[in-house]
Amino acid sequence: MRENWFKFWNHPRTKAVRHWSNITYDVSWNIILFLIIGVLLVGSFSVGAAGGYFASLVKDTKAPKLTEMKQQVNSYAVTSEIYWGSGEKLTNIATDEERQPVNIKEISPYLLDAVLSTEDVDFYEHDGVVPKATLRAVLQELTNSSSRTGGSTLTQQLIKNQILTNEVSFERKAKEIILALRLENAMTKDEILQAYLNVVSFGRNSLGRNIAGIEAASRGVFNKPAKKLTLPQAAFLAGIPKKPYYYTPYLQGGVVKKDLTPSTNRMKTVLKRMYVAKSITKAQYEKAVKYDITKDFAKTSKRSRDTYPYVYDLAEKEALKIMTSYFMKQDGIKEDEVKPSELAEVKANYRDQAMIAMKQGGYKIHLTLDKKIHEAMQAPAKNAANFPSAPQYKQVVNPKTKKTVTKKDPEETAAVMVQNETGRILGFVGGRYTDGTADDFNRAFQAKRQIGSTAKPILVYSNGIENGLITPASTINDEEYYYQTVPRQPGDNPINNEGGRYRGNVTVREALELSLNVPAVKTYEKMNMSNSIQKLVDMGIEIPDNIRYAPSAALGTMEITPVELAGAYATLANYGQYVKPYVISKITKDGKNIYKAKSKKKRIYQDRTAYLTLDMMRGVFDKGTAQYANSLLKAPGDWAGKTGTTNEIKDSYLVGSTPGVTLAVWTGHDQNNSLMGATTYYQRTQNLWAQMANLTYNANSSYFKSGARFNQPASVSADDFKNTGRFKEEDQKKKEAEAKKKAEAEKKKQAEQDKKKADEAKAKADADAKQKADDSKAKADADAKRKADEAKAKADADAKRKADEAKAKADADAKRKADEAKAKADADAKRKADEAKAKADADAKRKADEAKAKADADAKRKADEAKAKADAKKKADENRKNAE
């Protein structure tokens, strides 16, 4: 450059021109050098200043341990899931955001390429930060540029999402850079990419729920796992995180947007970047760009909570109990060691902790319910043809308004199927889905109702056999009978049977088959009723004290839920061993059990007792009260069971067992109306039961053990089928004694009638004599009363005159004294008022004088100060002028 200048300026010219040219050159060159040096100095200063500013932004940032960083970026809320006992996924626990973590090896390569091509093409080359991209972003921020290309790598985005916040500031950006560089030393590239894809938001799914993570996005948008995504699908999903709720194809409620142009254009942009990055070929790009992605979208889905409301609510409720106990146990908290006054608060705190964990902890809740069996049980309950067409109504009081309103009260049903040996609940019906919807009341688990005659096998005859009181062949007289163990009250009715007739001598077997009430009560009253009730208490059934000693319990006056009733019958079918019915088999997290149900067996009845009771219950289907159900039954098996009805036909039951399962069905009204149709209500119940038995058998017959029978245990002997119990009624002697008693009663009744007639004649004569005496006395009393009234009237007149005179004199004296007292009081009041006014005027004048004096003094002081200040200023001005 210097040589070129020399050539130019040394061109033949005059000496003067060359002289001024040289001067110009030297000056220009020095200016250029000065500018270069100035730029270098300014640049060095700027870099130093920027470095200092950067250092000031991150000076308080503590470098976390590498293990802590790794834990933080992989820490996120994971949706808990509910699974059927048969293995199928039921649904997710409702939460604000659904997420399903996935390993990077289970993600489609198309998706990985799409994300890297779009978000961070140099991901595998940089160390967490791209300086030029960061600088470009900073300059755009400083200049407030409308074009923002972004400067964050995937590593930085992960830091921002998991460790920092979305705050827009240079301080947050500086911390992001430092932590991104550090994270690259804590995790491999694949681990960072996997974490990013598990945390980033993808908008909404076909249920309308918020989703995060590629697995939840893939299943929620295309209804397939992330590893099976096609190229167009991968490109579509990879474009969503830039603006999740703008590019997501779904609105709230899971409805597909009408205008998907922004979403599809974004997909094409992703495909273009993949092609530029050479992740796909031109042919792949051209084919994918033309692909109609909208046809792959999952249709608006219905939540499993809507399809299986009773299941979801029960699963959440039972899991919450288990999780609460789990967290208390983890902290070493035992209920019996907590003060009763504090227990409710302690449990409430752990319940809240358990609820959060269930929603965000990624637990898997495994139910015992077999999906096919459970769904098969719903069909009869949902079929309106199985119920009366006209609903009933009930007058009830609204708890909020306290007003009486008419409430619709349709006939309802509930059912439970239990596996006898394990206690697993295989299916249940919480209600009949009136008008196509379910309510919040799960009748199978929450409806405590009287159980009627279904109490006879589990409370009466089983205990009678166990106590040696009866055998199936024992004879009992079915006759007019009153409770013997409670005081008889006037108006009490005898115990009635269904149909209102008595059958004389019957065996216990016949009494159970026909559901006769008198033999059941007679048997129950012969036993220790409290000890018999204890059998139900040992099965976890709550029995109030007023029922424990009531003979009416023999007819089912205790209140039990359908699931408790099914559990009690399953105990008989399990040869006397009780296993508590349960609906959650296990809860896992990260593949490890945190809870697993254990089928603990408790001996309630001897196996001999259970078998003999079951043997009698077989006849209920063959020739007893469940013959109608048996005529509809197509599920083969060794069925044994019992029907039940409560007073006024408010409840109807049928419970039946095979060696494998027990099925209990109830019908009734929530508002306790009587069931419609005095002769058909039981047919509706038995029809429901038979349909459920048939459909569940077709759905999964393996649980029924249809090929097996209830086997007679070795403890049962031939004498157990003879009338060998202690309870024996000698019918003939009893009839003679009753005839004698009846004759004596007739004789006593005749004597009472004769005495009654004599008493009536004597009473009539006494009445006539009394009437005459009363008439004479009445005339004398009238004369005496007239004379007394006249004398009293004269005396009252004299007394009134004297009283009036005395009152007038007293009133005049009182008025005079009152006037004198008032005049004196007025004078005293005026004097005191004048004195008070004079004193107040004096005080006011004194205070006014003092205030004026103070104000005058303050004004004088301020004037003096102002004058002194003015004098001082004047003197200072004079001194300044003199000095000048």
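As shown above, the structure is provided for reference.
From a predicted model like this one, the values you see are computed outputs, not experimental measurements.

How each quantity is defined
- By convention here, each chain's residues receive numbers from 1 onward along its written sequence.
- Given that the model is predicted, a residue must reach a pLDDT of at least 70 before its local features are reported, and side-chain atom pairs must reach 80 or more before they are shown or counted; all residues, however, enter totals for whole chains, interfaces and linings.
- Note that the side-chain values use all heavy atoms of the structure and ignore hydrogens as well as water.
- Helix and strand assignments come from DSSP, with helices taken as H or I runs of at least 4 residues and strands as E runs of at least 2, each series counted from the N terminus.
- Classification of residues uses two cut-offs on accessible area relative to the type maximum, computed with a 1.4 Å probe and protein chains only: under 20% is buried, over 50% is exposed, and between them is partly exposed.
- The contact rule is simple, with two residues in contact once any of their heavy atoms fall within 4.5 Å.
- A 3.5 Å cut-off defines polar contacts: any pair of N or O atoms within that distance qualifies, except that in protein one atom must be a possible hydrogen donor and the other a possible acceptor, and neighbouring residues in sequence count only when both atoms are side-chain atoms.
- Only buried Ala, Val, Leu, Ile, Met, Phe, Trp, Tyr and Cys residues count toward a nonpolar core, and they belong to the same one when joined by side-chain atoms within 4.5 Å.
- Strands are labelled as partners when DSSP assigns at least two bridges between them.
- Helix axes are fitted only over the stretch in contact, all axes being lines through C-alpha atoms; the angle between N-to-C directions runs from 0 to 180 degrees.
- For classification purposes, angles smaller than 35 degrees are called roughly parallel, those larger than 145 roughly antiparallel, those between 65 and 115 roughly perpendicular, and all remaining angles oblique.
- Charged means Asp, Glu, Lys or Arg here, nonpolar means Ala, Val, Leu, Ile, Met, Phe, Trp, Tyr, Cys or Pro, and polar covers whatever is left, Gly included.

S.K.: Help me understand the overall build of the protein chain, please; the structure alone is not making it clear to me.
M.R.: Broken down by element type, the protein chain carries 28 helices and 21 strands. Relative to its 884 residues, the protein chain shows a buried fraction of 41%. Once local pairs closer than 6 in sequence are excluded, the contacts in the protein chain between residues at least 24 apart make up 71%.

S.K.: Please explain the environment of Arg351 as it appears in this structure.
M.R.: For Arg351, the position within the fold is in helix 16 (residues 340-360). Taking the C-alpha atoms as reference points, Arg351 and Ile322, separated by 29 residues in sequence, lie 9.6 Å from one another. Each residue touching Arg351, except ones within four places of it in the same chain, is listed here: Leu320 and Thr324.

S.K.: Teacher, can you tell me more about the side chain of Asn694 here?
M.R.: Note that Asn694 resides in helix 27 (residues 681-699). Given the relative accessible area of 12%, Asn694 is considered buried. A polar contact is formed between the side chain of Asn694 and the backbone nitrogen of Lys634, at a distance of 2.7 Å. Excluding residues that lie within four positions of it along the chain, Asn694 makes contacts with Leu632, Leu633, Lys634 and Ala635.

S.K.: In this structure, what is going on with the nonpolar core? I would like to understand it.
M.R.: The tendency in soluble globular proteins is for nonpolar side chains to be buried side by side. Ile365, Leu367, Ile458, Tyr461, Tyr524 and Met558 are the most contacted members of the largest nonpolar core, which totals 92 residues. Sorting elements by how many residues they give to this core places helix 15 (residues 309-330) first, with 11 residues. Here Ile365 is in contact with Glu81, Ile82, Tyr83, Ile93, Ala319, Met358, Ile584, Lys586 and Ile587, once residues within four sequence places are set aside. By size, the runner-up hydrophobic cluster in this structure holds 56 residues, among which are Val221, Phe222, Ala235 and Ile240.

S.K.: How do you make sense of the pairing of strand 9 (residues 411-419) when you look at a structure like this?
M.R.: Side-chain positions along a regular strand alternate between the two faces of the sheet. Counting buried positions along strand 9 yields 9 of 9 residues, so the element is predominantly enclosed. Going residue by residue along strand 9, you find Glu411, Thr413, Ala415, Met417 and Gln419 tucked away on one face and Glu412, Ala414, Val416 and Val418 tucked away on the opposite face as well. The pairing of strand 9 with strand 21 (residues 661-669) spans 9 bridges and is antiparallel. Paired with Thr413 across the bridge in strand 21 is Thr667. Pairing analysis gives 4 bridges linking strand 9 to strand 10 (residues 425-429), with the strands arranged antiparallel. By the bridge assignment, Val416 is partnered in strand 10 with Phe428. Count of turn residues in the strand 9/strand 10 antiparallel hairpin: 5 residues, of which Gly423 carries a positive phi of about 85 degrees.

S.K.: I would appreciate a short explanation of the environment of Lys70 in the present structure.
M.R.: In this structure, Lys70 sits in helix 3 (residues 66-73). Sequence separation between Lys70 and Met187 is 117 residues, and the spatial gap between their C-alpha atoms is 6.8 Å. Setting aside chain neighbours within four positions, we find Lys70 in contact with Ala186, Met187 and Glu191.

S.K.: When you look at the sheet that holds strand 17 (residues 592-596) in this model, what are you seeing that I'm missing?
M.R.: Strand pairing in a sheet takes place through backbone hydrogen bonds and is either antiparallel or parallel in direction. Pairing is mixed across the open sheet formed by 5 strands, whose spatial order is 2-1-6-16-17. The open sheet has two free edges, formed respectively by strand 2 (89-92) and strand 17, since each of these has just one partner strand. Averaged over all adjacent pairs, the angle separating strand axes in this sheet is 20 degrees, with direction ignored. Pairing of strand 1 (residues 81-83) with strand 2, which is carried by 3 bridges, proceeds in the antiparallel orientation.

S.K.: When you look at the packing of helix 10 (residues 231-239) against helix 12 (residues 261-276) in this model, what are you seeing that I'm missing?
M.R.: The axes of two packed helices give the description: the angle between them and the distance between them. Running from amino to carboxyl end, helix 10 crosses helix 12 at an angle of 110 degrees, the nearest separation of the two axes being 8 Å. Viewed along their axes, helix 10 and helix 12 adopt a mutual orientation that is roughly perpendicular. Touching Leu231, Pro232, Ala235, Phe236, Ala238 and Gly239 of helix 10 are Ser263, Thr264, Arg266, Met267, Val270, Leu271 and Met274, all from helix 12. In terms of residue class, the contact of helix 10 with helix 12 is made up of 9 nonpolar, 3 polar and 1 charged.

Function cannot be read off these values alone, since they describe shape.
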